[in-house]
Amino acid sequence: MGTPSPRVVLVLAVVLGGLWAPPVVFGQPNFIVILADDVGWGDLGANWAETKETPHLDQLAAEGTRFVDFHSAASTCSPSRASLLTGRLGVRNGVTHNFAITSVGGLPLNETTLAEVLQETGYSTGAIGKWHLGHHGHHHPNSRGFDYYFGIPYSHDMGCTDTPGYNLPPCPPCPRHDVAARVVRKDCYTEVALPLFENVTIIQQPVTLSSLATLYVEAAERFIQQASDSGRPFFLYLALAHMHVPLWDPPPAPSSGRGIYGASLGEMDALVGRIRQVADRHGKGNTLLWFTGDNGPWAQKCELAGRLGPFVGAWQRQRGGSSAKQTTWEGGHRVPALVYWPGHVPAKRTSRALLSTLDIFPTLVALAGAALPPDRRFDGLDVSPVLFGWSDEGHKVLLHPNSGAAGKVGEIEALRVAQYKAFYTTGRGAMACDGSTGLAEHHQPPLIFNLDRDIQEQEPLDVASREYQAVLPVISRAYAQALEDIAADNISIADYSKDPAVIPCCNAQHVACRCHEAHAARLDLHMERRTTRLCL
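Predicted model only: the values in this text are computed from it and were never measured.

A. Structural view of the side chain of Lys301. Within the secondary structure layout, Lys301 lies in the loop between strand E11 (287–293) and helix H7 (314–317). Beyond its immediate chain neighbours, meaning those up to four positions away, Lys301 contacts Asn167, Leu168, Pro169 and Val245.

Right, dumping it as structure tokens:
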């Protein structure tokens, strides 16, 4: 893009360990946040040597900074995305579990998104890809701070398509004619086709999954070009369909030995490489690119799930059930993270700072020269000193909310304090590839693991040991203080009510709401209820 805006200049002066870090002065940078779906920590070759399908991401790691102790704010879709865009955990922002295709509500309207803050600061804002924070009325991305939206309003397994791709169990294609001929299968959406939106218009229903990556790249290129032409800085939030099921056959690529998953991973890697090229073309050094994931792999999908790396949650695995997506084990929330910003973020650096997707909001707000919204508390930190290589200190305490595997959704029953990880609840809810879920267990006193010695979370500390007795009071105090802080905060409540009338449907007269671009339907954001009804 053109010359950075002279109106807002950021000056950072940080005292680190008694040393004064030199101020950094620049105009408003561009921001690209790429959020992969269900990606494993070990799905990057830079993290895990066995992975060979990510040369572009590995190049980003070589030319930027890699964060190896980086965590999603929750271990499932909607809560993780809500926390990234608000800097607040679900117990504060109200989003504790996933929204449905029939959900009337979404991310509470009194919560301020990162896009809204940056929009007020002069940024062009675009969201491309999966939203999953409410699609009805004012919960649509265009009403949550995004000037432009192109994507699917929820997960791409939440609707049928004509070419269903690869899933376990496999799902049937969308029905075309006779209602009596429809196939109904557990965990498959067979009645309504998956919609693709451009702003508030459904431009395709059902979506053609095999062309989705290309469409997303093209939309991103258009958005970046238009923002550059306008002379305004931009914020692009690119929430990929990769690596969530269903996977699809990507264009032919060199065999990786990992079948469909490996081929899809390679397609995602190539997509990220294209976005990086576009960003560099519009002024290398003007754009910060932050790549990470929304949660860990979906273990019950077996060979269609990603690699955990060393974070296998061995204690849980020994008792049955998954230790990945939906859980508070490391494999559920420790995700890959890379930041690339030539001339600002050091290259070839690996940081072990304890960071989170919660930090994206306050960090980008600070780098844009904006202020955090008042009257609420944030779980994220401004970690720009870590990005710049001045510090390697992140969170002293990091909370991990229940995300469907055990305990009440959204509640905090696991936390990290330095190298120690404490669990007050473990077990039942997240299915492993073998179909087991394990038993729900409450732990008082908590299970405590020393992750420096036991990254596999295999053997908790002996409660009678000196180490356990020394660290338990520290953890208990941090846990109590965190719960007190949440209780004293301005807390939102999400509307999880459902109504079939709000399901996106571009043509209710056709089976499965089928339509083409010529018959696209526009949604009225100001209507309390849509007049187009679900076609059953």
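Still to come is the rest of the account.
B. Up close: helix H9 (residues 360–367). Here H9 lies mainly inside the structure; 8 of its 8 residues are buried. Along H9, the positions that sit buried rather than exposed are Ile360, Phe361, Pro362, Thr363, Leu364, Val365, Ala366 and Leu367. Looking one or two residues past H9, Gly369 carries a phi angle of roughly 80°, positive in sign.

C. Spatial organisation of the packing of aromatic side chains. Tallying each qualifying case throughout the model produces 18 aromatic pairs. With 6.5 Å between their ring centres and 50° between their planes, Phe67 and Phe70 make a pair best called tilted. Grouping residues by exposure puts Phe67 and Phe70 together as buried. A centroid spacing of 4.6 Å and a plane angle of 15° characterise the contact between Phe99 and Tyr496, whose relative ring orientation is stacked. With Phe99 in the loop between helix H3 (90–93) and helix H4 (114–120) and Tyr496 in the loop between helix H11 (466–487) and strand E19 (521–522), this pair connects stretches of sequence that are 397 residues apart. Relative accessible area serves as the criterion here: at 3%, Phe99 is assigned to the buried category.

D. Local environment of the pairing of E11. For E11, the tally of buried residues reaches 7 of 7 residues, placing the bulk of the element in the interior. Neither face of E11 is exposed, since Thr287, Leu289, Phe291 and Gly293 on one face and Leu288, Trp290 and Thr292 on the opposite face are all buried. The sheet contact formed by strand E3 (residues 30–36) and E11 spans 7 bridges and is parallel. Residue pairing across strands places Ala36 opposite Gly293, the latter belonging to E11.

E. Up close: the sheet that holds strand E17 (residues 420–426). Strands sit in the order E15-E16-E17-E18 across an open sheet of 4 strands; the sheet is antiparallel. The outermost strands of the open sheet, each flanked by one partner alone, are strand E15 (397–401) and strand E18 (441–450). Between one strand axis and the next, the sheet turns by 20° as a mean value, whatever way the strands run. Direction of pairing for strand E16 (residues 412–417) relative to E17: antiparallel, over a ladder of 4 bridges. Note that in E17 the partner of Leu415 across the bridge is Ala422. Packing against the sheet, H11 makes contact with E15, E16, E17 and E18, and its axis sits at approximately 120° to E16.

F. The arrangement of the environment of His71 in detail. Looking at the secondary structure, you find His71 in strand E5 (residues 70–71). Owing to a relative accessible area of 0%, His71 belongs among the buried residues under this scheme. In contact with His71, other than residues within four places in its own chain, are Glu330, His333, Arg334, Val335, Leu354, Leu355, Ser356, Thr357, Leu398, His400 and Arg416.

Conventions used here
- Residues numbered from 1 in each chain as written.
- Predicted model: local features only at pLDDT ≥ 70, side-chain atom pairs only at ≥ 80, totals over all residues.
- Heavy atoms only, no water.
- Helix = DSSP H or I, 4+ residues; strand = E, 2+ residues; numbered from the N terminus.
- Contact = heavy atoms within 4.5 Å.
- Buried < 20%, exposed > 50% of the residue type's maximum accessible area, 1.4 Å probe, protein only.
- Phe/Tyr/Trp six-rings, centres within 6.5 Å; stacked < 30°, edge-to-face > 60°.
- Pairing = 2+ DSSP bridges.
- Axes fitted to C-alpha atoms, helices over the stretch in contact; angles between N-to-C directions.

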